[in-house]
Amino acid sequence: MKERLVQLEVLRYNPDTDTEARFQRYEVTCAEEWVVLDALNKVKADIDPTLNYRWSCHMAVCGSCGMMINGEPKLSCHTFLRDYEGVIRVEPLVHFPVERDLVTAPDDFMEKLKRVKPYIIPKEKKPISEGEYKQTPAQLMKFRQYSMCINCMLCYAACPEYGLTPHFIGPAALTLAHRYNQDSRDGGRKERQEVVATHEGVWECTFVGACSESARRTSTPRAPCSR
Amino acid sequence: METISTDVAIIGAGGAGLRAAIALAETDPKLRIALISKVYPMRSHTCSAEGGAAGVIKPDDSFDLHFDDTAGGGDWLSDQDCVEYFIHEAPKELLQLEHWGCPWNREADGSVAVRPFGGMKKKRTWFAADKSGFHILHTLFQTSLQFPSITRYDEFFGLDLLIDEGRCQGVTAMEMRSGELRQFHAKAVIIAGGGGGRMFPFSTNGAIKTGDGMAMAYRAGAPLKDMEFVQYHPTGLPNTGSLLTEACRGEGGILVNKNGRRYLQDYGMGPETPVGKPQLKTMELGPRDRVSQAYWHELQKGNTVSTQWGECVLLDMRHLGEKYIDERLPLVRELCASYLQVDIVKDPVPIRPVVHYMMGGISTNTKAATPIPGLFAAGECACVSLNGANRLGSNSLVELLVFGRRAALSAIEHIQGLPAANTKALNARAVETQKRIDGLYARTNGTESMSGVRKEMMDTMEKNAGIYRTEEGLQEGVKIIHDLRQRYDKVILTDKSKVFNTDLFQMLELGSMLDCAEAVTVGALARKESRGAHQRLDYAERDDNKFLRHTMAYFKGLEPPRIDYLDVVITKSPPGVRDYSGDHK
Amino acid sequence: MSRNPLIREVPPTSWYFRHPLYLRYMSREITSIFIGAYCVLLVVGLQRLAAGPAAWEGFVTALQSPASIVFQFLCLVAAFYHAATWFNATQKAMPLQIGEDFVPGNVISGAHYAAWAVLSVVVLFFTGVF
Ligand SMILES: Cc1cc2nc3c(=O)[nH]c(=O)nc-3n(C[C@H](O)[C@H](O)[C@H](O)COP(=O)(O)OP(=O)(O)OC[C@H]3O[C@@H](n4cnc5c(N)ncnc54)[C@H](O)[C@@H]3O)c2cc1C
Ligand code: SF4
Ligand code: FES
């Protein structure tokens, strides 16, 4: 197995003991094909058990492991060591409060998802016994690409508008609203429009394109933003 | 310690937990529901399921056929009353998801599309591209947002059940971001904590699948059922354990050994079918246990390929061609290219079997009730005895829905006319949890490292309780795990901080995994037969006389569990021969 | 309670230096200034035209001064940049679906470029260049 020595510079913050954040340097031997998350896991198991971060699936689908890697928002389980040289700098996602180390508080994001009423508000109700709502493949394709957001919040870290205007509802929540608006089974567009079209809704988006850019280049092969 | 009073507390917000919460909220909007989860709901591991969910919907299919596939696939260890209930509820639940917006794939006429799946005789697996579990989870989560009676406690780590007067009346949990304990007083508790595949070193399971829910119920006195049945998926990446979906084979990929032979034909799954023309229930579309076991035999014969990641067999998809692969298996190509640096269009992929699913779990009946009044369980953490000795792919996503809902309805029945809780007694129980946690922080005589104990546990499970098992191997395994459980009390907690202390959570998870691992090894040692996913080299045959029974493991503190047995419910399909030689004579 | 989340401030005046992408975005925003300025110029031209032949002659002469030519050239470049970046963004901003399939992104952008070329030819034709 090809190995290499990887240097990580990780932002540390512990509210129990620190008043501000600091960087800590780790050196770990890693396999060539590893991702940044593997390196962090090795640090935690063998060097420093007090390092904290979130992860679960290791396959870019649960959305837990977003971090800033060399200044860009990435999923650490899908960021390959082979694409980096020298010291790799790892920080928590920007634009979110840092609870500890690489763990941020996504409360605002969760609140925004809920605000756009992301559920079917049926055009016409019918009981289960009458079977499925018919939906042609073409009708499905109309919204499917917008239904693939893994809620990783990278786009919120990438979006300067969200950083400057925190009440901006943001890329993922807008996409989600659009996903339901485009669904042939849904009749809730009007209700959602109240949220989306108000001043903190879609008009705040200035088309920086950082959301799709950040996700497309590197991180979420499964997300709408990767198109 | 802050007390939160609620009507029903649910531990786990994956597919099963969310379905239960919605069912509660819909059935009785006045109920207060606390949905407790150690991760945000959409991070739950249901999101990683790719293949799909089985339910009879097409005219050429029938309930009887789904019944036969499930009962036979489970090597007749499934309770058939449970299978019967399940197959009838399955299409209703999948339609319900359709009404809630799940983006199921469609036929040209707008009806729901189904695909073939291993071990299923008919096409009956509903799917949403290759992200079925993801879409199910997100549809449920988003749907749940419309119910004000569901209060979510995201990133609360469930610790102990509160049992008083023989009834389950709540649970303690730690708010992860503050490290503070909370006690939830509830009239009923539903556990939906998912599986525990992480006790093995190679697993498709995410980091959160550590069997906490199972261990919580087990410690409180509920038996764990059939824990020795652990499913291997035949095609995992040899380095990360990531799953290559069964669709690889469904679309025509073949498995070959180092001599290029399609070795499955040598293990009762032949005769060979033409390359690229897969047939249901034979060769590459045989059931998971058989296909995984064939790998082990090839390994013994020296027919595997040595790679930098260990011994592998090859999954060859080259004959499908670039165009077809990009159309049907784009994510598989991406996964292999990025994590293994293999292009499936040009080269075969090295793969090996990987731990995937636990058939066993908290013993429940068809009403999703455990033997402890007030305690219900659903999803992978429960063993309602649908999957028997071997789960069929695409049955478990539906199980989450069917029994998630069932658990909710049973909980509602249970709480009618319940006497008031003795809060003093519950408080006293909660204080015990507090003491346990304080003890971990205060431990100064620690000598064991957490990662060390964890690694030993994983290696032991792999070596002694893996695809094939023997008396000596299991005896050794039982002993080592027992030992590790004693040593667990000397593990050092390095991080003494309160806020989001993942060192602490990993320590608690290790405790859960060790408890479950002991139930697995002890159950496996006691089951002297081979059935489904439990294969013994020294008892190669199924023994219906002695073991057409469920293993029940009862917690005995630091001692190994007490093992008891429960008869399997057989209604209409007597044990027969599992035949995967295809339709052709 | 030991919770004490750390808020890392976004620098309000220099955020766009943090990433090349932000910088590209800001440079595109700056091109709008030129386009705006050129619009003002056109309005002034109209006003001159209304003020009589002498005023108009003066305006045309002023337009031919070297400084003015440099300015107009800059405006042209800015307009090109602004248009091209927008056309490239249309693939994402205005996805188009026919039946089950999405029209490929480069076709959408390509159509914009084509329309631009055609319009330019039409305008040049009416101004008598051909
Ligand atoms: C890679 C992969 C592919 C699969 N593909 C398929 C498929 O195609 N078809 C199919 O039918 N099945 C498939 N399965 C199986 C199926 O996905 C799982 O069995 C199912 O998703 C489990 O769901 P669950 O709701 O029981 O648990 P999970 O989704 O795992 O959720 C568990 C929940 O419990 C919570 N929890 C756990 N411990 C605690 C604690 N201590 N305190 C608080 N909360 C806790 C977690 O936070 C989480 O919310 C697949 C599984 C894997 C791993
Ligand atoms: S839109 Fe993309 S980047 Fe944003 S949260 Fe969703 S998946 Fe992540
Ligand atoms: S660990 Fe799930 S997205 Fe990275």
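Everything numeric in this text was worked out from a predicted model, so none of it was measured.

*Asks:* Help me understand the sheet that holds strand β10 (residues 180–185) of chain B, please; the structure alone is not making it clear to me.
*Replies:* Within a sheet, adjacent strands bond to each other through the backbone by hydrogen bonds, running parallel or antiparallel. Residue and element names in this part refer to chain B. Taken in spatial order, the four strands of this open sheet run β1-β10-β9-β8, and their pairing is mixed. Edge positions in the sheet fall to β1 (2–5) and β8 (156–164), since each has one partner strand and no second. Adjacent strand axes in the sheet meet at a mean angle of 25°, parallel and antiparallel pairs treated alike. Taken strand by strand, helix α5 (residues 212–219) contacts β8 and β9 (167–175), and its axis lies near 20° from that of β8.

*Asks:* Help me out: how do you make sense of the site of ligand 1 in this one?
*Replies:* Residue and element names in this part refer to chain B. The full set close to ligand 1 counts 39 residues, and S37, S44, T46, G158 and E380 are the nearest of them. D212 places a side-chain nitrogen or oxygen 2.9 Å from a nitrogen atom of ligand 1. Here an oxygen atom of ligand 1 sits 3.4 Å away from a polar atom, N or O, in the main chain of S394. Against a free-state accessible area of 1,000 Å², the protein chains account for coverage of 99% of ligand 1. Mapped by element, the contributors of at least two residues to the shell around ligand 1 are α1 (15–27), β3 (33–37), β8, β17 (349–358) and α10 (396–415). For the shell around ligand 1, the per-class residue count stands at 13 nonpolar, 20 polar and six charged.

*Asks:* How should I be thinking about the environment of B:E448 in this particular structure?
*Replies:* Residues and elements named next belong to chain B. Within the fold, E448 resides in the loop between α11 (423–442) and α12 (450–464). For E448, a relative accessible area of 18% translates into the label buried. Note: C-alpha distance between E448 and K490 (42 residues apart in sequence) is 5.6 Å. In contact with E448, other than residues within four places in its own chain, are V453, R487, K490, V491 and I492. Polar contacts involving the side chain of E448 include one to the side chain of R487, which spans 3.0 Å.

*Asks:* Would you mind going over the interface of chain B and chain A with me for this structure?
*Replies:* Many structure descriptions define interface size as the accessible area lost when the parts assemble. Taken together, the contact between chain B and chain A spans 68 residues of the former and 67 residues of the latter. When chain B packs against chain A, close to 5,500 Å² is buried across both sides, 55% of that on carbon and sulfur atoms. For chain B, the biggest contributors to the area lost against chain A are B:R43, B:H99 and B:Y339; these three give 13% of the whole. Inspection of the chain B/chain A interface yields five salt bridges. A salt bridge links A:R54 to B:E155; the shortest N-O distance between them is 2.7 Å. Remark: the boundary between chain B and chain A carries 32 residue pairs in polar contact (both at pLDDT 80 or more). Listed by contribution, the elements that provide at least two residues to the side of chain B that touches chain A are α3 (80–99), α4 (132–144), β7 (150–154), α9 (330–340), α12 and α14 (502–526) of chain B. When grouped by side-chain class, the residues that make up the side of chain B that touches chain A number 24 nonpolar, 26 polar and 18 charged.

Criteria and thresholds
Residues numbered from 1 in each chain as written. Chains lettered and ligands numbered in written order. Predicted model: local features only at pLDDT ≥ 70, side-chain atom pairs only at ≥ 80, totals over all residues. Heavy atoms only, no water. Pairing = 2+ DSSP bridges. Helix = DSSP H or I, 4+ residues; strand = E, 2+ residues; numbered from the N terminus. Axes fitted to C-alpha atoms, helices over the stretch in contact; angles between N-to-C directions. Contact = heavy atoms within 4.5 Å. Near = heavy atom within 4 Å. Polar contact = N/O pair within 3.5 Å; in protein donor to acceptor, adjacent residues only side chain to side chain. Areas by Shrake-Rupley, 256 points an atom, 1.4 Å probe, with all protein chains shown as cover. Nonpolar A, V, L, I, M, F, W, Y, C, P; charged D, E, K, R; others polar. Buried < 20%, exposed > 50% of the residue type's maximum accessible area, 1.4 Å probe, protein only. Buried area = accessible area lost by both parts, 1.4 Å probe. Salt bridge = Lys/Arg side-chain N within 4 Å of Asp/Glu carboxyl O.

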